[in-house]
Amino acid sequence: MKPLVEVDDVVPASADEVFARIAEFLQAQQYNPGFEMDPERGLIAQQGGWWYRGEYLVVDDPAGARVTHRVYNVASRGRWAVPLANRFFAGFDGRVREGFDRMMGDVARSIRDRRTLS
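In this text the structure is predicted, and so the values were computed from the model without any measurement.

Calculation notes
- For every chain, the first residue of the written sequence is number 1, and numbering continues from 1 along that sequence.
- pLDDT decides what is reported in this predicted model: residues at 70 or higher carry local features, side-chain atom pairs at 80 or more are listed and counted, and totals for whole chains, interfaces and linings draw on all residues regardless.
- Side-chain metrics in this entry use all non-hydrogen atoms of the structure; hydrogen atoms and water are not considered.
- Inter-axis angles, ranging from 0 to 180 degrees, are taken between N-to-C directions of lines fitted to C-alpha atoms, where helices are fitted over the stretch in contact.
- Numbering of helices and strands runs from the N terminus; a helix is a DSSP stretch of H or I covering at least four residues, while a strand is a stretch of E covering at least two.
- For any helix crossing, the convention is left-handed if the near helix is rotated counterclockwise from the far helix by under a right angle, and right-handed if that rotation is clockwise.
- Here, two residues are considered to be in contact whenever any of their heavy atoms come within 4.5 Å of each other.
- Each residue gets one of three labels, nonpolar for Ala, Val, Leu, Ile, Met, Phe, Trp, Tyr, Cys and Pro, charged for Asp, Glu, Lys and Arg, and polar for the others, Gly among them.
- In this description, strands pair whenever DSSP reports at least two bridges between them.
- Definition of nonpolar core: a set of buried residues of the types Ala, Val, Leu, Ile, Met, Phe, Trp, Tyr and Cys, connected through side-chain atoms within 4.5 Å.
- Three exposure classes are used, based on accessible area relative to the maximum for each residue type with a 1.4 Å probe and protein chains only: buried under 20%, partly exposed in between, and exposed over 50%.
- Whenever Lys or Arg places a side-chain nitrogen within 4 Å of a carboxyl oxygen from Asp or Glu, that contact is recorded as a salt bridge.

**Focus on the packing of helix α1 (residues 15-27) against helix α3 (residues 92-117)**
The geometry of α1 relative to α3 is characterised by a closest axis approach of 10 Å and an angle of 115° between their N-to-C directions. As for the relative orientation of α1 and α3, their crossing is right-handed in sense. Contact residues: α1 offers Glu 17, Val 18, Arg 21, Ile 22, Glu 24, Phe 25 and Leu 26, while α3 offers Met 103, Met 104, Asp 106, Val 107, Ser 110, Ile 111, Arg 114 and Arg 115. For the contact of α1 with α3, the residue count by class is eight nonpolar, one polar and six charged.

This is the structure we're talking about:
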């Protein structure tokens, strides 16, 4: 399955810390569709609506933890319409990148603040 959008970044903290914060942030969302966690693989996923699946993969990186976010089209019907609809909503890739960057900044701040309080 090919992602519609893929973005990644490195957070200067351990993969375990970053994984825990991402899970915490996603579980706290008001709209939380199907939620899956696989700590052994470093995978967190949300799936909802008729086509959306977002996956976060957290792995070790020399600079901390590399987080890769992929958005997939998992529609069982009308699968062809998703990429077309997303083209009509110009800037979908950019909005995914902006949201991801904002979330990674929040994750890094949260970890830094917890370390400061300890």
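**Looking at the sheet that holds strand β3 (residues 43-48)**
Two modes of strand pairing occur in sheets, parallel and antiparallel, and in both the strands are linked by backbone hydrogen bonds. Across the sheet, five strands lie side by side as β1-β5-β4-β3-β2; this open sheet has antiparallel pairing. Both edges of this open sheet fall to β1 (5-11) and β2 (34-38), since each of them pairs with a single strand only. Averaged over all pairs of adjacent strands, the angle between strand axes in this sheet comes to 15°, irrespective of strand direction. Direction of pairing for β1 relative to strand β5 (residues 64-73): antiparallel, over a ladder of seven bridges. Within the sheet, the bridge partner assigned to Glu 6 lies in β5 and is Arg 70. With respect to the sheet, α1 is in contact with β1, β2, β3, β4 (52-61) and β5, its orientation differing from that of β4 by roughly 160°. Contacts from α3 reach β1, β4 and β5 within the one sheet, and its direction differs from that of β1 by about 20°.

**Describing the nonpolar core**
Within soluble globular proteins, side chains that are nonpolar generally end up buried alongside one another. One finds Val 18, Ile 22 and Val 67 to be the most contacted residues of the largest nonpolar core, which totals 26 residues. Secondary-structure elements contributing two or more residues to this core are β1, α1, β4, β5 and α3. Broken down by element, this core gets its largest block of residues, eight residues, from α3. Filtering out sequence-adjacent residues up to four positions away, Val 18 remains in contact with Val 11, Ala 13, Val 58, Ala 65, Val 67, Val 107 and Ile 111.

**A look at the pairing of β3**
Of all six residues in β3, five are buried; the element is thus mostly enclosed. Hairpin connection of β2 to β3: four residues between the antiparallel strands, including Gly 42 at a positive phi of 75°. By the bridge criterion, six bridges tie β3 to β4 in an arrangement that is antiparallel. Across the sheet, Ile 44 pairs through a bridge with Tyr 56, a residue of β4. The hairpin turn running from β3 into β4, its antiparallel successor, is three residues long, and Gly 49 in that turn takes a positive phi close to 70°.

**Thoughts on the environment of Met 103**
When you line up the elements, Met 103 lands in helix α3. Spatially, the C-alpha atom of Met 103 lies 8.2 Å from that of Ile 22, the residues being 81 residues apart in sequence. If sequence neighbours within four positions are ignored, Met 103 has contacts with Ile 22, Phe 25, Leu 26 and Tyr 56.

**Considerations on the pattern of salt bridges**
Taken as a whole and assessed by the stated rule, the structure comprises 10 salt bridges. Between Asp 8 and Arg 66 there is a salt bridge, with its nearest N and O atoms 2.6 Å apart. Residue Asp 8 is found in strand β1, and its partner Arg 66 is found in strand β5; the two are separated by 58 residues along the sequence. The exposure class of Asp 8 is partly exposed, given its relative accessible area of 32%. Here Asp 106 makes a salt bridge to Arg 109, at a shortest N to O gap of 2.6 Å.

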